[in-house]
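For reference, the chains in residue letters:
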Amino acid sequence: MKVVVLGAGVVGVTAAYQLMKDGHEVTVIDRQPLAANETSFGNAGMIAPGHSYTWASPKAPGILFRSLFQRDQALRLSLRADPQMWAWCLKFLRNCTAERARLNTLRKLKLCQYSQTVLKETVADTGIEYDRTTRGILYLYRDEASFKAGVEHMKILQDGGQEFHVLDFAGVIQVDPALKAARGKIHGGLHGPSDESGDCHKFTNALAEVCRNRGVTFRYETSISGFETEGDKVSAVAADKGPVKGDLFVLSLGSYSSFLARKLGIGLPIYPVKGYAVTIPIKDRDLAPRVPGIDENFLVGYTPMGDRIRMTATAEFSGYETNHSPADFRIPLGVAENLFPGAGDIPRASYWAGLRPMTPEGWPRIGPSRYHNFYMNTGQGHMGWTMSHGSARLLADLIGDRKTAIDASGFAAA
Ligand SMILES: Cc1cc2nc3c(=O)[nH]c(=O)nc-3n(C[C@H](O)[C@H](O)[C@H](O)COP(=O)(O)OP(=O)(O)OC[C@H]3O[C@@H](n4cnc5c(N)ncnc54)[C@H](O)[C@@H]3O)c2cc1C
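Residues numbered from 1 in each chain as written. Predicted model: local features only at pLDDT ≥ 70, side-chain atom pairs only at ≥ 80, totals over all residues. Heavy atoms only, no water.

## Considerations on the sheet that holds strand β11 (residues 233-239)
On the basis of which strands lie adjacent, the open sheet formed by three strands has the order β10-β11-β12 and antiparallel pairing. If you trace the sheet from one side to the other, it starts and ends with β10 (224-230) and β12 (244-245), each paired once. In this sheet, β11 lies alongside β10 in antiparallel orientation, the contact comprising six bridges. Bridge pairing links Phe227 to Val237 in β11. (Pairing = 2+ DSSP bridges. Helix = DSSP H or I, 4+ residues; strand = E, 2+ residues; numbered from the N terminus.)

Structure (structure tokens):
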């Protein structure tokens, strides 16, 4: 079958790879000059089933409300006349009960765990190198109260089969000795030993190259504006360089998926949630982290990536802008200097912002739509690098009408 994948982010390229393996003739379209050039460019790089919690939880409404008045927060919501944002927020609030939070978290966890298995198969098949670390992820707490709450919260994921070790500070520095400078700043931590990390941009471009060598066509610098339809079928994608015909189409346009789906009358609850990343060249390897981690009090992630450390922060509801200013990096840079003083060459750091394609429930939409040859694989939100591999395999199995390895009905688009 001729399959056209819309979008060459990590979600689109992993889908192209799985569909190519199934014997389809695959074309990928993207407006950028290379793969993973938008949200998949600068993320934290964590493959983290151990962080599968949904953002919609009983605590979230209070956090959202406070963020309206306090700017320097991990979560930022501004009062804007944006009906798409408020419609999304209402759906998000409806998911903030304890029962829904548990259900959504366990559904996400299942996909993340499956996805990690598929990633391992992909790495074994392709031999791709992408600054991978496999020493787990540390979830750090600065005081006893937040530590106890973190241990309690983690039990949801433990119930879903995820392994954690509860550590005092001595245990934390056994996992990552570089944290010895954080004595007196970190109370304790959780170690998810099976979590891992890697450079999503590097991986996606290497996988795109594997796909190209195995027959996939990439049409870069091509902007998609709509669709041509015949009855209940999509017959072509309308693009600035002319229409692209196919037997089946896959929507993987990240935060822009909802714009394009709307052209077919399909409502997708995906809203862009902006995040920031600063990538710091390592100056002193002995002082730099060896294991990725999350400072759970400041909600800042740090990931060793080859000769760099990537620090990420913030969830901001501010539309589709990806601009940034030095103030946006004050907290992640502060955490870098606080936990790993002297490790990074901060004057040589590079700065970036990207848009997480978030759904209110935190899980993506994977499967067919009302147009029977138009499939969704989008909305992976804050965990798209983690979820992409499993999402791609589920999609390919649904298209091939095969039994899926995990229940896909929970991710249906309708
Ligand atoms: C700060 C930050 C930290 C993160 N950390 C992690 C992490 O540690 N682990 C994790 O799992 N996830 C993380 N994420 C989330 C992850 O990066 C995303 O979920 C993932 O990159 C989304 O991939 P995507 O392919 O859906 O979207 P994208 O990468 O944005 O790809 C969509 C593609 O569609 C193309 N496109 C859009 N519109 C058009 C159009 N009209 N015509 C043609 N092409 C178009 C774009 O050019 C783009 O290439 C993080 C995100 C952020 C912002």
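Still to come is the rest of the account.
## Topic: empty space enclosed by the protein
Summed over the entire model, instances satisfying the criterion amount to two cavities of 30 Å³ or more. One number sums up the size of the largest cavity: a volume of about 70 Å³. Every residue lining the largest cavity is counted, 13 residues in all, and those nearest its centre are Gln73, Arg76, Thr314, Ile331 and Pro332. Those elements giving two or more residues to the lining of the largest cavity turn out to be β17 (308-317) and α9 (330-339). Taken together, the residues of the lining of the largest cavity break down into eight nonpolar, two polar and three charged. A volume near 60 Å³ is recorded for the second largest cavity. Around the second largest cavity, the lining residues are Ile280, Ile309, Met311, Ala336, Glu337, Phe340, Ala343, Gly344 and Ile346. Among the elements of the structure, β17 and α9 are those that each provide at least two residues to the lining of the second largest cavity. (1 Å grid on protein atoms, 1.4 Å probe; cavity = no way out; pocket = protein on both sides within 12 Å on 5 of 7 lines; lining within 4 Å. Points joined across faces, edges and corners; volume = space filled by probe spheres on them. Nonpolar A, V, L, I, M, F, W, Y, C, P; charged D, E, K, R; others polar.)

## Concerning the state of the cysteines
Enumeration over the complete set of coordinates arrives at zero disulfides. No disulfide involves Cys200; its sulfur sits 14 Å from the nearest other cysteine sulfur, which is in Cys112. Taking the relative accessible area as the measure of exposure, Cys200 reaches 1% and is therefore buried. (Disulfide = S-S within 2.5 Å. Buried < 20%, exposed > 50% of the residue type's maximum accessible area, 1.4 Å probe, protein only.)

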